[in-house]
Every structure is written in C-alpha cells, then in structure tokens.
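Observations on chain architecture
What follows is the residue order along each chain.
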Amino acid sequence: MRLLIIEDEFRTREVLERHFKASKIGLTDIRTAPNGLSGLDIAKEWKPDILLCDVRMPRMDGIQFASSYREIGGKGQLIFLSGYSDKEYLKSAIKTRALNYIEKPINLKEVQDAVLAAVRLVTAEEEKRKMSVDWQQHHDTHWSLAVLRQEMVRKLIVEPDSQHVQLALKSKDTFLLRYNNSFTVITAALYWGSSKYPEDISKMQQEVLYQLITRPLLAQHEGICGFTSSQWLVIILPGAFGSSFQEGREKIEDMITELSEVLDPTISFQVGISEPVRLLSDIPLAYQQAMKACNSLFYNEGKNFFFADLLGQSVTFSIERHELQQFREDLRKENIDAAKKQLVQLTERARRSCDLNISHVKDVYFQYLMIILEMAIQYGLKEIDRDGERRYIWKEFDGIMNLQILESYVLSFLELFQDSSGEDHVKIREIIRYIHNHFSDKGFTIKTIAEYIGFNETYLSVYFKKQRGQTIKEYINEVRTEQAKILLSNVDMKLHEVAVNLGFTDANYFATFFKKTTGCTPTEFREKCVR
C-alpha cells in the first residue's frame, strides 16, 4: 500500500517518513513532497492509496492540492495536518472528502492511528471490489457502457469540442446521443441525512447508473447519464424540453419519476433542467443553467424540479459585521427573542436575494451558529467546542436541501439557552460566565470567583468538580488556552501583549503555561499558524 507525505517542513517530513518506513502497518512504499504542486505531480503518476498532507504550504496549499487531486480523479484517502482549526479549513477538508483532520503539533501515535485506519479502509474497499467481481462479470456489458457514457458526460460538460469527443460520438451504439437539432441537460443533487450517508458512495452511483441504462426510458430518449466528480448526477438528452406541456414537460416528469424509482427511498433529490441548446459546444452552458435551476430549489420548499427558463433575478447574499456583533450582544444579554427575530429576518433577506451560491449562503448561517455555540460555552451550557463537532455540523449543513430547514436547524441551537432550569445549572452558568468575563483581570483568582458567587473557596472547588467533572483550575486553563490560540493567530500582536491580554504579568510564565497545555511554545504555534 502506497503512502504519500506532503509537508513543507523538512524536519517534520523526515520524521514522518522515517517513522512509517519503520512501522509495520501494511505500507509497502512511501514517497514525500515539499509542497502541494510537487505532490500533485507525484500523485498523477504514482496513484497513492493514502495521502498525509499539511494544510499550510508554499506554492500550493493542502486544500488547493486536495481539490485539484479530486478533480483529476484521485481516490486516495486524505488525512490533513494543520496548526489551524478554523471553520474554513474544516469545511474545505470535508468538501474534499478528507478521512481525518489532525491538529499540529503532531503526535506520532495519533498520526499512525489515523494512517492505520486509512490502511484498513483501503483494504476493506479492495476486498469489497474482489467480492463484487462475479457481479461485475455478470453485468459486464451494461456496466462498461455505463462507465463509458459517464466519461462522455464528464467530457461534454467541460470540453465538448475536443477531437476525442467528436470521434467517440460517432459510435452511436455506445453513446446513443443522436443529434436532433438541440440538447437538454438535466442535473440532480442527491441528499442524505448525515446518519444515512453511504459508506461507499461510488457503489451507490454504480447501481443508479446501471439501473438507469437498463431501464427502457433513457434508451428510448437516446440519452446518456453519469456522475460528476462533485457527485452531481447529469443526464444529457437529445431534443428540446421546456417547462410547458407543449414543450415536452411530461417527458421530463417521466424521467424524474424514473429517477425516484431508481434511488433508495432514504435519498432526497432535486432536479434542474436547462434551456435547450442547439450545439454540442453549448452543452457546458446548458449544464451551468441546469445547476442554477437546481440550486434555485433551495428557496422553493416542496418542489423537487425546476426549469432554467423560469429563473428570476439572483443577487449576492451578504451580511455586515455589525449584524453579527448585534446577534452576539443579544445572546450575551440573553435576549433570545431578539436573536430569533434576527435569524428569521436573515432568512427573509436570503429568500429575496435568491443567491445561487448555496455554499456561501450556508456559510453565513454557519457564522451565526458558531456565535450561538461560543456564547453557550461562555454561559456553561455546553462543553468547549472541539473540531469533531464542527466537522459534524458541516456534514449536517451539506445535507440540508432548502433554506427553511437551514433556518430551523440553526434556530434549534437557541434551545440551549432555554433549557437552563434548575438551581445548580443557573449557579454553574453564573460561575462560567464570570470566568469568561474576568479571567484576564489583574488579581483574578479562584478566591475572587468564590467571593463573587458567595461560596467559600474550598466549597466552590468541590461544587464545580461535582457539576462539571473537572476542576475549576482545569477549566480556567482551557479558557485561557483557547483564547491564547486566537490571539496568537494575530501576528501583529507581540507575545508580551498576548500574555497581558490573558492576565499574565510575565511573558515567560505565559510561554511556560502555553507549552504545558499545548505541547508547543507560543512562537512555535504562531509559526505553524502563519505558514
């Protein structure tokens, strides 16, 4: 099994290479690259099974590498290494179908465990492929056609004028797509609940394509279908089909019914239909139209297909910084009704804009959700956030198919602020709020917390440990550490200024504290952040 290590830091790259060459976890060949550009060149030819990739690198960073790698059809299991844990990197990692995301400074055991998990996954997939040989042989003819037609679909939506395409389309028995004065493109987006997302999406895609080409309807229309590398199902039909029944709408509806019968009942889907185009060279334009029509369904709850000729105006959806600040202030004052009202108004604005960049719209709501979770932590309503939770939330976001569901999902997190009944809960909430508001104050101690709450110091420590399962000192250290990471990411702030902002009078003591809690010095952490 092949492992490719992409890491710009020579010492880290050398340590990882030496470690895995000595390990006995099933790796037969290991190569390294100093940046994403070199890694992509190696991956194109060498085809690694597992890729261990840093995020921050010169020339081409890890996220850009992963996107390019997926675009060229790379199937290897991706594991990211990064000193960053912000939402943009996590979101990008999920979009590139990363298997894992490990924070730096690296822990060799943690990295080895992640690579071992990838080895096992690749091995299991290989065994599945071997077990399906008999099935593939039985369906060899149809499946070969499905693969060829999928490749043709991918070519037509990107480079229909290439000589390869023109020559291949002459084989009408294989590609069917007879020229009939025009072409219509259909795109379908598939949605699963996060708990129902298939472990092997490629196998599901194979089954869908096999069913579509063996049923009579698509063949009758002489159409072809295939999945893009970004998981959209695309159907290209010869002929013109529009939104009225005089324009052949019933044939489109028949095709959508066929698709619903082919797909598993746990899969929801939305379909966009392009305006007809007259030339092969215009198929990429028709594909983009169909994508926009499909994305417009994000604002049309209850519908599952839309025609591009009915598209209205779309403008970019945006928010101002002060709106986020006001939302945070409403939560700080526990004015939950005002926070709810702002989210409802946000949805009204989003619906009016009809921004077809759905990822951008979801990112706006993600920012509001992160504020909710941040304030919930400050009020002691939930534990300090971990990367795993953010990854899970982005996976949930990815499976949300319309604006109303997205609004309801974010609003549901405000219930954290309404389930705070009980004397103990209120008291712990008050303690944690005081810690977040005053941990950087001069003279801040556990004793000052006790005096504010009205407990003696010993009872406060026992009470906090009983309610939270950790000592109050451990919690204060967690809060300071998380805030330190945020401040250190601002390279313009000097280390002694960071220390003062955290309540430390001695920068050296802060450095000792930080290394003890994170395993690296503030300088080392900052160097990893700015790479």
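The model shown is predicted, which means the values in this text are computed figures rather than measured ones. (Residues numbered from 1 in each chain as written. Predicted model: local features only at pLDDT ≥ 70, side-chain atom pairs only at ≥ 80, totals over all residues. Heavy atoms only, no water.)

Comments concerning the side chain of Arg249
Let me state the cut-off plainly: Working definition: helices are DSSP H or I runs of at least four residues, strands are E runs of at least two. Numbering for both runs from the N terminus. As used in this structure description, the phrase polar contact means that two N or O atoms lie within 3.5 Å; if the pair is within protein, one of them must be able to donate a hydrogen and the other to accept it, and residues adjacent in sequence are counted only when both atoms belong to side chains. Any two residues having at least one pair of non-hydrogen atoms within 4.5 Å are treated as being in contact.
Tracing the sequence through the fold places Arg249 in helix α12 (residues 249-262). One polar contact links Arg249 to Glu253, side chain to side chain, over a distance of 2.8 Å. Apart from the residues lying within four places of it in its own chain, the contact partners of Arg249 are Gly242, Ser243, Ser244, Phe305 and Phe307.

A word on the pairing of strand β9 (residues 268-273)
As a reminder, the rule being used: Each residue's exposure class comes from its accessible area (1.4 Å probe, protein chains only) as a fraction of the maximum for that residue type: buried when under 20%, exposed when over 50%, partly exposed otherwise. Any two strands are treated as partners once DSSP identifies two or more bridges connecting them.
Most of β9 is tucked away: five of the six residues are buried. Of the strand pairs in this sheet, strand β6 (residues 183-191) and β9 are connected by six bridges, and their pairing is antiparallel. Paired with Leu190 across the strands is Phe269, a residue of β9. Two strands pair when backbone bridges link them, and β9 and strand β10 (residues 305-307) are joined in this way by three bridges, in the parallel orientation. By the bridge assignment for β10, Gly272 is matched with Phe306.

A short note on the sheet that holds strand β5 (residues 100-103)
Applied cut-off: To obtain each axis, a line is fitted to C-alpha atoms, and for helices this fit is confined to the stretch in contact; angles are then taken between N-to-C directions over 0 to 180 degrees.
With parallel pairing, five strands are arranged side by side in an open sheet as β2-β1-β3-β4-β5. The strands lining the two open edges of the sheet, one partner per strand, are β2 (29-33) and β5. Sheet twist, expressed as the average angle between the axes of neighbouring strands with direction ignored, equals 15°. Relative to β2, strand β1 (residues 2-6) runs parallel, the two being bridged by five bridges. Considered in β2, the bridge of Ile6 is made with Ala33. Its contacts with the sheet put helix α1 (residues 10-22) on β1, β2, β3 (50-54) and β4 (77-82), and the angle it makes with β2 is roughly 175°. Together, β1, β3 and β4 form the strand contacts of helix α3 (residues 62-71), whose direction differs from that of β4 by roughly 170°.

Comments concerning the environment of Thr521
Within the secondary structure, Thr521 is located in the loop between α24 (507-518) and α25 (522-530). For the pair Thr521 and Ser268, spaced 253 residues apart in the sequence, the C-alpha separation amounts to 48 Å. Ignoring anything within four residues of it in the chain, the contact list for Thr521 reads Phe514 and Lys515.

Concerning empty space enclosed by the protein
Applied cut-off: Definitions used for this entry: grid spacing 1 Å over protein atoms alone; cavity, a set of points where a 1.4 Å probe fits but cannot get out; pocket, an open set with protein on both sides within 12 Å along at least 5 of 7 lines; lining residue, one with an atom within 4 Å of a point. Grid points are joined across faces, edges and corners, and a volume is the space filled by probe spheres set on the points.
The full count for this structure, using the stated rule, is one cavity of 30 Å³ or more. For the largest cavity, the calculated volume is near 40 Å³. Around the largest cavity, the lining residues are Ile186, Ala188, Ile235, Met255, Ile256, Leu259 and Val271. Where the lining of the largest cavity is concerned, the elements lending two or more residues are β6 and α12. With three residues, the top contributor of residues to the lining of the largest cavity is α12.

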